[in-house]
Amino acid sequence: MESCSFIDFLQVLKPWLDSDYIRKGYLDSNGNFTLFFSDGGEKSYRIDDCSEGRLKEIFEMLMNKGIPIEKEE
């Protein structure tokens, strides 16, 4: 798992949003966010400086691109 800041995560995410490469996102109960890719791969992130509001921004951005987000309750 990669640990990163919110700004770093957005920079990593932007190129993937321009294609159909991300299949879905998943947030577990520990705050780890995993991206699942169309080719079967996945990458998990721990966003260190991210509030609940910032996570909602990421989820909205992904959902606006047609990428579903699942959350563990």
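Before reading on, note that the structure itself is shown above.
Residues numbered from 1 in each chain as written. Predicted model: local features only at pLDDT ≥ 70, side-chain atom pairs only at ≥ 80, totals over all residues. Heavy atoms only, no water.

(A) Expanded view of the pairing of strand β2 (residues 22-27). Here β2 pairs with strand β3 (residues 32-37) via five bridges, running antiparallel. Its bridge partner lying in β3, Tyr26 is registered against Thr34. The pairing of β2 with strand β5 (residues 69-71) spans three bridges and is classified as parallel. Within β5, the position partnered with Tyr26 by the bridge is Glu70. (Pairing = 2+ DSSP bridges. Helix = DSSP H or I, 4+ residues; strand = E, 2+ residues; numbered from the N terminus.)

(B) Inspection of helix α2 (residues 52-64) at higher detail. Taking 1.5 Å of rise per residue, 13 residues should cover 18 Å, and α2 covers 18 Å from first to last C-alpha, within 8% of that figure. Considered for burial, the residues of α2 that qualify are Leu55, Ile58, Phe59 and Leu62. The arc enclosing the buried residues of α2, seen along the axis, measures out at 95 degrees, which places them on a common side. Residues of α2 that are buried in the fold lie against α1 (6-17), β2, β3, β4 (42-47) and β5. Where α2 ends, the next residue or the one after it, Gly66, has phi of about 85 degrees, a positive value. (Expected span 1.5 Å × (residues − 1). Buried < 20%, exposed > 50% of the residue type's maximum accessible area, 1.4 Å probe, protein only. Arc of directions from axis to C-beta. Contact = heavy atoms within 4.5 Å.)

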